[in-house]
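# Tertiary structure, described
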Amino acid sequence: MTIDEWYAWAVANAERRGLPSLKPLLDGLRNATRELREADWNPDAARDDDRESH
Amino acid sequence: MSRIDPGSLTIVAAARRLRSGDFTARELTEACLDRIDRDNPRLNAFITITAELARAQADKADRELKTGHDRGPLHGIPISIKDIIDIADFPTTAASRVRDGHVAMEDARLVLNLRHAGAVFVGKTNLHEFAMGTTNEDSAYGPARNPLDETRSPGGSSGGSAASVVAGMCLATVGTDTGGSIRIPSAACGLVGLKPAFGDLSVDGVVPLGTSLDCVGPLAKTVEDALLMYDAMAGRGQIARGDRVETPVAPRLAALRGYFVESLQQEVRAAFEAAIARLTPHASDGAIAPVEIAHARLSPSIYLPTVLAEGAEYHARTLEQMPDAYVTAVRLRFELGRYVLAEDYLRAHRGRATLRAEINAALTTHDALLLPTMPLVAPPLGATTVPMDNGREEPVRAAMLRLTQPFNLTGHPAITIPLPTAGLPVGLQIVARDTKTAAAIAGWCESHCR
């Protein structure tokens, strides 16, 4: 799920649950999540050097 | 009016005077209870006052001292306990109506240890509801006020705890720290606050906020007092000399730069740089090295999904059953946690490992890292943003957490000591590999910054 897809779902869900005031907080969480997903520590399954041995 | 001024007494001084017969534990306790009677209606530091328990404990302490039974440095010392920690037979409200009707069946482990050390419990202190905030404003029992300026927050979430010590209602207190909740109110109120290394002290009997972040620790007037509290909380009432970490004569110190000092209030920057200048000649090689932590600026983005998801997990059932029992702002934060995806929580987990490795690397060549505790002084009650010296307005909550939360993420011990200022208090934060080293170097800084 992309950040934008997640955000749209979360806002719609919050409104359906009667919590429209969650929207500005979801804005902040979206920004944090975007930064988190772009961080350089995240694994990339297509790259050999991210594979862990099992 | 009592002849004893608990506001000016350290634990060490009080312990000496108790043993010299200058006053009794009962007299000291009554002096604290008088302060509570006089000032708590204004400061709102306490949710529950345990006066009868305190009197019984103080009388017992006096009887024991008379017969030569000395439990150690906390024997007969009045302290307060944050009302998120269980004291048997009293409610643990967590400053929330969600907890109405609760009565603790037994002491939290740390409370039991303090009881065995002879401490006297004068009451349970106010906090930000369920410790989910930094100002103490969102409490079902109303905001606590900063005794140094009652128009300002005492910080939080352990705001009532800090206020109770500064106002002389007790000599020390116990707080909890998930993102800074011991260090923030300590810095805002001019106290020493110790967040031990994660896992050092038992959180058994403490209402959780973020189970991978939560720590308990003391707030006190001096590093020595904080260390006495820490040892007693751990069940080490009488410390063998060998347990103490010797302070290096000239410790190897680093000042954290970059992210950690980019945006401060002017008085915080001035006090911090003055402290670095004062400490530098005494440090190893007469230098304090500037150090940057590569991923530090991602700390808020790592912290947010971590604390939100962990908080939501604990509160999910009551959010469904009694949503209106929460203070609205706190309820919304816990609800927000229900939208954190598992994959993002795990990304944050990886980020914590990255940060931890970077702090550990900095601590291989330095005994301790120094930085401001908060970028701002105690904010006015009701403020939503605060001005910083780079001309920007920052949200209060984000600013208050910015410099403390990295060390909850990494688990490192961190201690704040008050710096000399002409106005509101400013804290210096000291981070080390282990709790005793952090405290020992904090004591060294305290002695050189006076």
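Let me begin by describing the structure that accompanies this report. (Residues numbered from 1 in each chain as written. Chains lettered and ligands numbered in written order. Predicted model: local features only at pLDDT ≥ 70, side-chain atom pairs only at ≥ 80, totals over all residues. Heavy atoms only, no water.)

### A short note on the pattern of salt bridges
Residues and elements named next belong to chain B. Applying the stated criterion across every chain yields a total of 36 salt bridges over all chains. Arg19 is paired through a salt bridge with Asp70; the nearest N and O atoms lie 2.7 Å apart. Of this pair, Arg19 sits in helix α1 (residues 11–20) while Asp70 is found in the loop between α3 (51–66) and β2 (78–82), placing the two residues 51 residues apart along the sequence. Ionic pairing is found between Arg183 and Asp177, a salt bridge with its closest N-O pair at 2.9 Å. With respect to burial, Arg183 and Asp177 carry one shared label: buried. Connected through salt bridges with shared partners, the residues Arg26, Glu30, Glu52, Arg55 and Asp59 form a single ionic network. (Salt bridge = Lys/Arg side-chain N within 4 Å of Asp/Glu carboxyl O. Helix = DSSP H or I, 4+ residues; strand = E, 2+ residues; numbered from the N terminus. Buried < 20%, exposed > 50% of the residue type's maximum accessible area, 1.4 Å probe, protein only.)

### What about the interface of chain B and chain A?
Taken together, the contacts link 24 residues of chain B with 23 residues of chain A. Carbon and sulfur atoms make up 67% of the surface buried where chain B meets chain A, a total of about 2100 Å² over both sides. The interface formed by chain B and chain A holds 3 salt bridges in total. Residue Glu335 of chain B is joined to Arg17 of chain A by a salt bridge in which the shortest nitrogen-to-oxygen separation is 2.8 Å. On inspection of chain B and its partner chain A, the count reaches 9 residue pairs in polar contact (both at pLDDT 80 or more). If you list the elements that add at least two residues to the side of chain B that touches chain A, you get α9 (299–321), α10 (328–337) and α11 (342–365) of chain B. For the side of chain B that touches chain A, the element with the highest residue contribution is α11 of chain B, accounting for 7 residues. Broken down by class, the residue content of the side of chain B that touches chain A amounts to 11 nonpolar, 4 polar and 9 charged. (Contact = heavy atoms within 4.5 Å. Buried area = accessible area lost by both parts, 1.4 Å probe. Polar contact = N/O pair within 3.5 Å; in protein donor to acceptor, adjacent residues only side chain to side chain. Nonpolar A, V, L, I, M, F, W, Y, C, P; charged D, E, K, R; others polar.)

### A few points about the sheet that holds strand β5 (residues 192–195) of chain B
Strand pairing in a sheet relies on backbone hydrogen bonds. The paired strands run either parallel or antiparallel. All names here are of chain B. Taken together, the 11 strands give an open sheet; going across it, the order is β1-β3-β2-β4-β6-β5-β12-β13-β9-β7-β8, and neighbouring strands pair in mixed fashion. Since the sheet does not close on itself, it has two edges, and those belong to β1 (46–49) and β8 (288–291), each with one partner. Mean inter-strand twist for the sheet, computed between neighbouring axes without regard to direction, equals 25°. Pairing analysis gives 3 bridges linking β1 to strand β3 (residues 120–125), with the strands arranged antiparallel. Of the residues in β3, the one forming a bridge with Phe46 is Thr125. (Pairing = 2+ DSSP bridges. Axes fitted to C-alpha atoms, helices over the stretch in contact; angles between N-to-C directions.)

### Side note on the pairing of strand β7 (residues 253–256) of chain B
Burial along β7 of chain B is two-sided: Leu253 and Ala255 of chain B facing one way and Ala254 and Leu256 of chain B facing the other are all buried. Handedness of the β7 of chain B-helix α8 (residues 266–279) of chain B-β8 of chain B crossover: right-handed. (Right-handed = clockwise from strand over helix to strand, strands pointing away.)

### Quick look at the nonpolar core
One finds Leu26 of chain A together with Leu114 and Ile430 of chain B to be the most contacted residues of the largest nonpolar core, which totals 165 residues. Among the elements that make up this core, the one with the highest residue count is helix α7 (residues 223–233) of chain B (8 residues). Excluding its chain neighbours within four sequence positions, the residues that come into contact with Leu26 of chain A are Trp6, Tyr7, Ala10, Val11 and Ala14 of chain A together with Leu336 and Tyr339 of chain B. (Core = buried A, V, L, I, M, F, W, Y, C linked by side-chain atoms within 4.5 Å.)

### Here's the deal with the side chain of Lys82 of chain B
Residues and elements named next belong to chain B. Mapping Lys82 onto the fold places it in strand β2. Buried and unpaired, Lys82 has no salt bridge, with Asp177 as the nearest side chain of opposite charge at 8.3 Å. Contacts of Lys82, omitting those with residues within four sequence positions, involve Lys124, Thr125, Leu127, Ala131, Ser157, Ser158, Ser161, Val174, Gly175, Thr176 and Ser181. (Lys, Arg positive; Asp, Glu negative; His and termini not counted.)

### A look at the side chain of Ser164 of chain B
Locating Ser164 of chain B in the fold gives a position in helix α5 (residues 159–166). Once you skip the residues sitting within four places of it in the chain, Ser164 of chain B turns out to touch Ala45, Phe46, Ser80, Thr125, Met169, Cys170 and Thr173 of chain B.

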